Amino acid sequence: YLVYPRVELITDCMSNKNGILEVLCMVMKGPEQLCPARFFNELSNDETYVIYRHILESLETKTTSTVSLNINTNFLNSHHIDMLLSEFGRSIIILELLETCSLQSTIQIQNRLNEIRENPKVHIWLDDFGSARSNFDVLSELNFDGVKMSKELFWDLYENDKILLKYLIKMI
C-alpha cells in the first residue's frame, strides 16, 4: 500500500475563517486506488497512529494552521488519539468523526468526546453531514463543536434550494 497525504483548505461558514487544513489521503494498492475510509477502517490503531503522526510531523514544520483529521470510533476510543493530541498540541486540531462510524453506543462515544474536549485545542466535528449516517439523528444524539456539510448536499442545495441551504447552515 502507498498512502499519499494531501491537505485541502476548508472554510468555517459560521466565522468565515479560512486556514483550516483537512488532511486527506489517496491510498494505492498497485495501480488500484482504494477508498481511504475503508482502508483506515481496516488498519489497526497502531498503524493509523503512525500514518497520522507522520503527516502531522510534516505539517508542523510547514504551518501553524488548524489541522483537521478524519477519525473513526475505534481510533477515537484508543489511547493513540491521546498520544497524537499530546504530541501535536501547538496548534488547534479538529477531529472529524466519520459519517461511516457505527454509533451503537452513543453514551460511550459522547463520554469519550467529552474527555477529549477537555483539551482546549481540540474541536470535534461531525464529518460530511447529509451523507450516509451523518444526519439529524446523529446530531440529536451527540454533541459536536461543528458540523461539516457534505459537498454533494451543499452543491445540490446551492443549485436547487438556496433558501433551505441558508437555513440549514444557520441551524447546524
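Residues numbered from 1 in each chain as written. Predicted model: local features only at pLDDT ≥ 70, side-chain atom pairs only at ≥ 80, totals over all residues. Heavy atoms only, no water.

What follows is about the overall build of the protein. If you tally the helices and strands in the protein, you get 8 helices and 7 strands. Sorting the 172 residues of the protein into buried and exposed places 42% on the buried side. Of the contacts formed within the protein by residues at least 6 apart in sequence, a portion of 60% connects residues at least 24 apart. Accessible surface, the protein: about 9,900 Å² in total, of which carbon and sulfur atoms supply 52%. (Helix = DSSP H or I, 4+ residues; strand = E, 2+ residues; numbered from the N terminus. Buried < 20%, exposed > 50% of the residue type's maximum accessible area, 1.4 Å probe, protein only. Contact = heavy atoms within 4.5 Å. Areas by Shrake-Rupley, 256 points an atom, 1.4 Å probe, with all protein chains shown as cover.)

Assignment of secondary structure puts I55 in helix 2 (residues 45-60). Taking C-alpha positions, I55 is 9.8 Å from V7, a pair spaced 48 residues apart along the chain.

Let's shift gears to the packing of helix 7 (residues 151-160) against helix 8 (residues 162-171). One way to put it is that helix 7 packs onto helix 8 with a least axis distance of 6 Å and a crossing angle of 135°. For the element pair helix 7 / helix 8, the angle class is oblique. Packed against helix 7, whose contacting residues are L153, F154, L157, Y158 and N160, the element helix 8 presents K162, L164, L165, L168 and I169 at the interface. Its residues assigned to classes, the contact of helix 7 with helix 8 shows 8 nonpolar, 1 polar and 1 charged. (Axes fitted to C-alpha atoms, helices over the stretch in contact; angles between N-to-C directions. Parallel < 35°, antiparallel > 145°, perpendicular 65-115°, else oblique. Nonpolar A, V, L, I, M, F, W, Y, C, P; charged D, E, K, R; others polar.)

To continue, consider a nonpolar patch on the surface. Taken together, the side chains of L2, Y4 and M26 make up a nonpolar region of the molecular surface, amounting to roughly 280 Å² of accessible area. Look at Y4 and you get partly exposed, because its relative accessible area is 40%. (Patch = residues over 30% accessible without salt bridge, like charges linked within 9 Å, V, L, I, M, F, W, Y side chains within 5 Å. Salt bridge = Lys/Arg side-chain N within 4 Å of Asp/Glu carboxyl O.)

Glancing now at the pairing of strand 6 (residues 122-129). Extensive coverage of strand 6 is indicated by the burial of 6 of its 8 residues. Looking at chain direction, strand 5 (residues 93-97) and strand 6 are connected through 5 bridges and run parallel. Pairing of I93 across the sheet is with V122, part of strand 6. With 3 bridges joining them, strand 6 and strand 7 (residues 146-149) adopt parallel strand pairing. Looking at strand 7, one finds that L126 is bridged to V147. (Pairing = 2+ DSSP bridges.)

The subject of this paragraph is the confidence of the model for the protein. Per-residue pLDDT for the protein has a mean of 84; in total, 88% of the residues score no lower than 70. Mean pLDDT across the secondary structure elements of the protein bottoms out at helix 6 (residues 136-141), with 76, and peaks at strand 3 (residues 32-34), with 95. (pLDDT = per-residue confidence, 0-100.)

Further remarks concern helix 2. Taking 1.5 Å as the rise per residue, helix 2 with 16 residues should run 22 Å; its terminal C-alpha atoms sit 22 Å apart, in good agreement. The set of residues buried in helix 2 consists of T48, Y49, I51, Y52, I55, L56 and L59. Seen end-on, helix 2 carries its buried residues on one side only, within an arc spanning 165°. (Expected span 1.5 Å × (residues − 1). Arc of directions from axis to C-beta.)

Another aspect to go through is the pattern of salt bridges. In total, this model carries 9 salt bridges according to the counting rule given. Across the pair R6 and E8 runs a salt bridge whose closest N-O atoms are separated by 3.4 Å. Judged by relative accessible area, which is 45%, R6 ranks as partly exposed. Ionic contacts of the salt-bridge type, sharing partners, join the residues E22, E96, D127 and K148 into one network.

Right, let's get into helix 5 (residues 106-117). Its 12 residues give helix 5 an end-to-end C-alpha distance of 16 Å, which sits within 8% of 16 Å, the value for a rise of 1.5 Å per residue. Next to the buried residues of helix 5 lie helix 3 (73-76), helix 4 (79-87), strand 5, strand 6 and helix 6.

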